[in-house]
Amino acid sequence: MKIEAKATLPKRKPADLLVLLLDKERELSRTADPTLGPLLGQLAQDYGEGRIKKEYFSASPSKDVRHVLVQHTSLVKPYDLPEKVKILAARALDQAHDLDLTQVTFLLNGKDAPELFGAVVEGVALGGYRFDKYRKEKDRFWERLRVSLCVAGARLKACREDLARTVLISECVNGSRELVNEPGAAVYPEVIADRAQAIGKEHGLKVSVLDESGLSKAGHAGLLCVGSGSIHPPRLVSLEYRPARQSKVRLALVGKGITFDTGGISLKPGDRMLEMKGDMAGGAAVLYAMKAIAQLRPDINVLGVIPTAENMPDAKAQRPGDIFVPKNGKSVQVDNTDAEGRLVLIDGFERAGEWRATHIVDIATLTGAVVRALGPGYAGIMGNDSELVRRVIGAGGSQGELLWELPLPEEYREFLKTPYADVNNIGGSHAGAITAGLFLQEFVPQGASWAHLDIAGPFLSGKAWKYYQAGATGFGVKTFVELCRRFSGHFPA
């Protein structure tokens, strides 16, 4: 797919499909065309009065356009305006796909269009993603698709800058989706490490990888215990971004990277276990957020940490009841080997502490409990610093990645007690997402502000949702990039 911004409608070749966007309060599309103008005015009135309940599609009365699609934001109910625009943009591509219309033009020349221009681009870039790598018959439509965004001439330069930035971030989101959608046999810890090395080399990030020997020497026990049952040994991957000037903010992004989770000896039920190829969605989000950050160059120090392992049952696998001691000295009883993500995050936190992180945000497909509490559309968030939690919630909300804060009540620490070690790795049948957060809090480096994102709900969708096709969503990439922008104040031009 090719996406470009232009100041006028294409003249050399008529657009196969012209898309016009209407809103009750904002002017997004306008036209002085003697045939299209009256049609747009009448449709705006009909949509406003609720007489039309679906998109308007027709052969175009204009010689420069073959078909016209008119969409109104009232057709998308439960979301804010930018999300509605993204959804409508993705729907327009679906319409074009169904009719094999490969030259699509969005008319975005209204006075309010510039503020929503990026939403259209994002809807197009994310809505056009398909994972068909393993299909014999591939859908070549998306390779042939050409999307033009027609804007007011005075805003062309700014819109082109917005286009480049939004496409960059969206491609990183799609890269994260691609990694999560791959089968577990194709993505394992060494693959994550190799991908990080390649990204670091291409974009100037300092990358370090600890293998089994390095993990043992460094005392990172969580990864070694979780990965002990797999033929693919664990890795601790770090990618460091350094700004051009010194910053007091040292932000560590820590992503759970369990490339496949059988549950280990505490074996999961077989039903839908295939989705556990996505138990590294947090790590994928960190990896591709770092790729975007390296190119957008915020004025803060950022470290991406991916503790990655494969959790398999084997003669060498850790057993329920095993005890290990992380670097901070607090012994952990592994009551359930399927609560493994929090164990590898311990090593990620230790790496962030060694780097002297001032702020740590971890992201993990950690608990089924958070899905039962919040459903598939929200991630849970909790932490030890209310200001950081608010920052992350605000960053995510502005990008359509919704987070809901859960408490960390001190009294619930009782659920993690065991007579055999300092802390148990699970807290019983109640408040599973919260007790997981309380467990993690035990290992946050002293003095660091910390927030924990449990993305077990929105990391994957079993059907088309908003502007995502069924499969991975790349949840977290946009939140992290926006969080860096807010810490930095801006991205350099």
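This text follows the structure it describes.
Cut-off values and rules
- Residues numbered from 1 in each chain as written.
- Predicted model: local features only at pLDDT ≥ 70, side-chain atom pairs only at ≥ 80, totals over all residues.
- Heavy atoms only, no water.
- Salt bridge = Lys/Arg side-chain N within 4 Å of Asp/Glu carboxyl O.
- Core = buried A, V, L, I, M, F, W, Y, C linked by side-chain atoms within 4.5 Å.
- Buried < 20%, exposed > 50% of the residue type's maximum accessible area, 1.4 Å probe, protein only.
- Helix = DSSP H or I, 4+ residues; strand = E, 2+ residues; numbered from the N terminus.
- Contact = heavy atoms within 4.5 Å.
- Pairing = 2+ DSSP bridges.
- Axes fitted to C-alpha atoms, helices over the stretch in contact; angles between N-to-C directions.
- Polar contact = N/O pair within 3.5 Å; in protein donor to acceptor, adjacent residues only side chain to side chain.

Asker: How should the pattern of salt bridges be read in this particular structure?
Answerer: A side chain with one charge may pair with a side chain of the opposite charge, provided their charged atoms come close. Evaluated as defined, the whole model comprises 34 salt bridges. The network of salt bridges with common partners includes E83, K86, E122, K466 and K478.

Asker: Before we go on, may I ask you to explain the nonpolar core in this structure?
Answerer: As a rule of thumb, soluble globular proteins bury nonpolar side chains together. Grouped together as the largest cluster of nonpolar side chains are 98 residues, with contacts concentrated most on F106 and V361. Of the residues forming this core, the biggest block, 12 residues, is contributed by helix α9 (residues 281–296). Among all residues touching F106, those that are not within four sequence positions of it are V19, A89, A92, V120, V124, V147, S148, L149 and C150. With 43 residues, the next largest nonpolar core counts A221, V334, L345 and I360 among its residues.

Asker: What am I meant to see in the sheet that holds strand β5 (residues 103–108) here?
Answerer: Pairing between the strands of a sheet comes from backbone hydrogen bonds, and it takes one of two forms, parallel or antiparallel. Spatially, the six strands line up as an open sheet ordered β1-β6-β5-β2-β4-β3, and their pairing is mixed. A strand with exactly one partner marks an edge of an open sheet, and here the two such strands are β1 (2–6) and β3 (56–59). In this sheet, neighbouring strand axes are inclined to one another by 20° on average, regardless of whether the strands run parallel or antiparallel. Against the sheet, helix α5 (residues 156–181) makes contact with β1 and β6 (146–151), and its axis sits at roughly 160° relative to β1, the strand it touches most.

Asker: I tried to follow the side chain of T337 on my own but got confused; where do I start?
Answerer: Of note, T337 is situated in the loop between β13 (332–334) and α10 (341–354). Within polar-contact distance, the side chain of T337 engages the backbone nitrogen of I265 at 3.2 Å. In this structure T337 touches G263, G264, I265, S266, N311, Q318, R319 and P320, once residues within four positions along its chain are discounted.

Asker: Could you clarify how one ought to interpret the side chain of T166 in this entry?
Answerer: Relative to the assigned elements, T166 resides in helix α5. When its relative accessible area of 11% is taken as the criterion, T166 is described as buried. Dropping the residues within four chain positions of it, T166 is found in contact with G118, V121 and E122.

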